[in-house]
Amino acid sequence: MIWKTSRRSITIDRPLVMGILNVTPDSFSDGGDFVSLDAAVERAEEMIAKGVDIIDIGGESTRPGSERVDDETELRRVLPVIEAVVKRFDTPISIDTSKSEVARHAIDAGAEIINDISGLRFDPAVGSVAAETGSGLALMHSRGAFETLHSEPTVDDIMAEVTAGLNHSLDEARSFGVEDEQIVLDIGIGFGKRLEQNLELIAKLGKLHKEFPNFPLLVGTSRKSFIGKLLGGRPVEERIYGSIATAVVAVWNGANIVRVHDVSETVDALKITERLLRV
Ligand code: YH5
């Protein structure tokens, strides 16, 4: 399988690791309210040294309780980092945004994939940016508006709900002229899903793999709160082994790309998982 981006075709012949680079003031503070460019680029370099395949750069936090930021604020955070990383390294960069103007400038600066947690629901014009630039496009399942992304409405069949939502996003992307080869689908772990539903999606990922056989699947479980809950209220910094377990099972069940904080550990775990999958 291949994934077409605006700068290359990524061959997906083994599980790929997407490393998270949050460039929000709470992640790479310069001591004040701004992001330190040097610290962010150093983090990118460290992930590359550990074997990351894609770097996902985001300037707007979607954690529970976060507030939206405007285009200018998001661009001021992400553009210098994208430019600096593109200049120094050849690792593909995705821009974690649901805003078409942010996506457009990020792609112009050298990012090559748009990672939209709203699956084109917040700003459908993200689809036209992907079509016009030929960028990769990750469509994640989520429900509700930005403010209610993490509320947990009752759903009786989460597998059916996610399948329907992804089909809707897929139709929307195709309507803008985005090609199937540009698209990756994501089940949206933690976004408006209860603990049991997150578990069901990971354990039964194989069913989605059968529903969408022509699309690579991306899964992001890293450090999320369901892992903390299952471990008796573990804080985020202590969710690494739990996160690894979910990445391994997701890949075992058909995930092609995992989005993680802990690159080195995940790369090791997935090398073994991949070898076992080949037996
Ligand atoms: C994803 O799954 N998730 S942002 C809360 C946490 C830890 C991590 C408190 N962007 C995804 O990473 N993009 C995010 O614990 C994503 N798939 C894709 N494609 C949320 C996040 C997080 C939230």
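From a predicted model like this one, the values you see are computed outputs, not experimental measurements.

(A) Main features of the pairing of strand E8 (residues 183-186). Burial along E8 is two-sided: the residues Ile183 and Leu185 and Val184 and Asp186 are all buried. Assessed by its sense of winding, the connection that carries the chain from strand E7 (residues 136-140) through helix H5 (residues 158-175) to E8 is right-handed.

(B) Geometry of the pattern of salt bridges. A full pass over the atoms with the stated rule returns 18 salt bridges. Salt-bridge contacts for Arg278 lead to Glu274; the nearest nitrogen and oxygen are separated by 2.8 Å. Given a relative accessible area of 19%, Glu274 falls into the buried group. Here the salt bridges share partners, and the residues they tie into one network are Arg7, Arg8, Asp90 and Glu112.

(C) The sheet that holds strand E3 (residues 16-22), seen in detail. With parallel pairing, 8 strands are arranged side by side around a closed barrel as E3-E4-E5-E6-E7-E8-E9-E10. Here the strands of the sheet are splayed against their neighbours by 25° on average, with no regard to which way each runs. Bridging between E3 and strand E4 (residues 54-58) involves 5 bridges; their strand directions are parallel. Residue pairing for E4: Asn22 is matched across the bridge by Gly58. With respect to the sheet, helix H4 (residues 126-133) is in contact with strand E6 (113-116) and E7, its orientation differing from that of E6 by roughly 165°. Sheet strands touched by H5: E7 and E8. Its angle to E7, the strand with the most contacts, is close to 150°.

(D) Looking closely at the environment of Gly220. By secondary structure assignment, the location of Gly220 is in the loop between strand E9 (217-219) and helix H8 (225-230). When the C-alpha atoms of Gly220 and Arg88 are compared, they prove to be 27 Å apart, with 132 residues separating the residues in sequence. In this structure Gly220 touches Asp186, Ile189 and Arg259, once residues within four positions along its chain are discounted.

(E) Looking closely at the pairing of E7. Of all 5 residues in E7, 5 are buried; the element is thus mostly enclosed. Pairing geometry for E6 and E7, over 4 bridges, is parallel. Note on E7: the bridge partner recorded for Asn115 is Ala138. As a crossover connection, the stretch from E6 through H4 into E7 is right-handed. Pairing analysis gives 4 bridges linking E7 to E8, with the strands arranged parallel. Across the sheet, Met140 pairs through a bridge with Asp186, a residue of E8.

Thresholds applied
- Residues numbered from 1 in each chain as written.
- Predicted model: local features only at pLDDT ≥ 70, side-chain atom pairs only at ≥ 80, totals over all residues.
- Heavy atoms only, no water.
- Buried < 20%, exposed > 50% of the residue type's maximum accessible area, 1.4 Å probe, protein only.
- Helix = DSSP H or I, 4+ residues; strand = E, 2+ residues; numbered from the N terminus.
- Right-handed = clockwise from strand over helix to strand, strands pointing away.
- Salt bridge = Lys/Arg side-chain N within 4 Å of Asp/Glu carboxyl O.
- Pairing = 2+ DSSP bridges.
- Axes fitted to C-alpha atoms, helices over the stretch in contact; angles between N-to-C directions.
- Contact = heavy atoms within 4.5 Å.

In short, the description is geometric, and any link to function would need to be established separately.
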